[in-house]
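Results of the structural survey
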Amino acid sequence: MLTKINHIGIAVKSLDNALPFYRDNLGMAFAGIEEVAEQKVRVAMLQIGESMIELLEPTSNDSPVAKFMEKNGPGIHHLAYEVEDIEAAIAKMMTEGARMIDEQPRSGAHGTRIAFVHPKSSLGVLTELCQCGH
Ligand code: CMX
């Protein structure tokens with residue numbers, strides 16, 4: 001069902017402050033910034049081999065990523081696994097007893113369709129299923 005790790009989401013206070021470490025110190029290929037307005041985040045993507053690092057900056061105080069940082073500070077926010085068929089992957093998760101935050105896919109960054117598993121079902125690691133393209 002899973003084909004690879006698509007990306008690791010990292011919560012940061014400011015993309016401008018975080019980018020030099022990933023792009024310049026670590027030398028990752030910067031693939032651009034986009035806003036995912038529905039989820040109240042600005043996202044910077046950096047390519048690392050087959051996978052990406054996704055830096056997440058909240059765009060308002062009531063953004064879920066802002067709330068996450070209030071509790072935990074900046075750091076790893078979620079792990080995203082790539083799937084070929086997101087509807088089939090959601091159905092399989094639910095059949096196997098997992099609780100989904102998203103029972104229907106929604107739009108993610110860089111043209112993906114995504115669904116989050118509830119952290120209570122994924123042992124505290126926020127887990128995203130992610131299908132590329134539409
Ligand atoms: N890691 C672990 N636990 C987390 C978590 C995280 N990153 N984020 C939230 N939780 C926990 C909360 O602490 C809460 O636990 P309790 O019930 O024990 O208090 C529980 O999960 C529910 O969290 P919530 O925020 O109250 O619930 P919502 O249903 O409103 O939202 C979620 C859940 C995960 C979708 C939201 O918090 C979130 O993080 N949304 C942003 C998603 C995101 O990163 N979008 C941009 C990426 C797009 C892309 O990857 O393409």
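Residues numbered from 1 in each chain as written. Predicted model: local features only at pLDDT ≥ 70, side-chain atom pairs only at ≥ 80, totals over all residues. Heavy atoms only, no water.

**A few points about the overall build of the protein chain**
Each helix and strand counted, the protein chain has three helices and eight strands in total. The linear arrangement of helices and strands in the protein chain, starting from the amino end, is β-α-β-β-β-α-β-α-β-β-β. A burial count over the protein chain gives 44% of its 134 residues as buried. When contacts within the protein chain are restricted to residue pairs at least 6 apart in sequence, long-range pairs at least 24 apart make up 54% of them. Entry remark: accessible area of the protein chain is about 7300 Å², with carbon and sulfur atoms responsible for 52%. Computing the positive centroid from 12 side-chain charges and the negative centroid from 18, the protein chain places the two 6 Å apart. (Helix = DSSP H or I, 4+ residues; strand = E, 2+ residues; numbered from the N terminus. Buried < 20%, exposed > 50% of the residue type's maximum accessible area, 1.4 Å probe, protein only. Contact = heavy atoms within 4.5 Å. Areas by Shrake-Rupley, 256 points an atom, 1.4 Å probe, with all protein chains shown as cover. Lys, Arg positive; Asp, Glu negative; His and termini not counted. Charge placed at Lys NZ, Arg CZ, Asp CG, Glu CD.)

**Let's talk about the site of the ligand**
Looking at the ligand, there are 22 residues lining it, with Q39, K71, A109, K120 and E128 nearest. For the ligand, an oxygen atom lies 2.8 Å from a polar atom in the side chain of E128. At a threshold of 2 Å from the grid points, most atoms of the ligand map onto the largest pocket. Ranked by the residues each element gives to the shell around the ligand, the list is headed by helix α2 (residues 64-72), at three residues. Classifying every residue of the shell around the ligand gives 10 nonpolar, seven polar and five charged. (Near = heavy atom within 4 Å. Polar contact = N/O pair within 3.5 Å; in protein donor to acceptor, adjacent residues only side chain to side chain. 1 Å grid on protein atoms, 1.4 Å probe; cavity = no way out; pocket = protein on both sides within 12 Å on 5 of 7 lines; lining within 4 Å. Sits in = over half its atoms within 2 Å of the grid points. Nonpolar A, V, L, I, M, F, W, Y, C, P; charged D, E, K, R; others polar.)

**A word on the nonpolar core**
Counting residues in hydrophobic clusters, the biggest one holds 11 residues: I10, V12, L15, A18, L19, Y22, M28, A44, L46, I53 and L55. Elements with a contribution of two residues or more to this core: α1 (15-25), β3 (41-48) and β4 (51-58). Looking at this core, the element that brings in the most residues is α1, giving four residues. A18 has contacts with V12 and L55, leaving out every residue within four places of it along the chain. (Core = buried A, V, L, I, M, F, W, Y, C linked by side-chain atoms within 4.5 Å.)

**With respect to the layout of surface pockets**
In this structure, the largest pocket spans a volume of roughly 700 Å³. Lining of the largest pocket is provided by 30 residues; of these, P64, F68, H77, F116 and L126 occupy positions nearest its centre. With six residues, α2 is the single largest residue contributor to the lining of the largest pocket. Partitioned by chemical class, the residues of the lining of the largest pocket number 16 nonpolar, nine polar and five charged. (Points joined across faces, edges and corners; volume = space filled by probe spheres on them.)

**Re the pattern of salt bridges**
It is possible for side chains bearing opposite charge to pair when their charged atoms get close. For the structure shown, the criterion picks out seven salt bridges. Ionic pairing is found between E82 and K4, a salt bridge with its closest N-O pair at 3.9 Å. A residue pair is termed long-range when its members are at least 10 positions apart, and E82 in strand β5 (residues 75-83) and K4 in strand β1 (residues 2-11) qualify at 78 residues. (Salt bridge = Lys/Arg side-chain N within 4 Å of Asp/Glu carboxyl O.)

**Observations regarding the environment of E87**
Its location among the elements puts E87 in helix α3 (residues 86-95). Those residues in contact with E87, other than ones at most four positions away along the chain, are P105, R113 and Q131.

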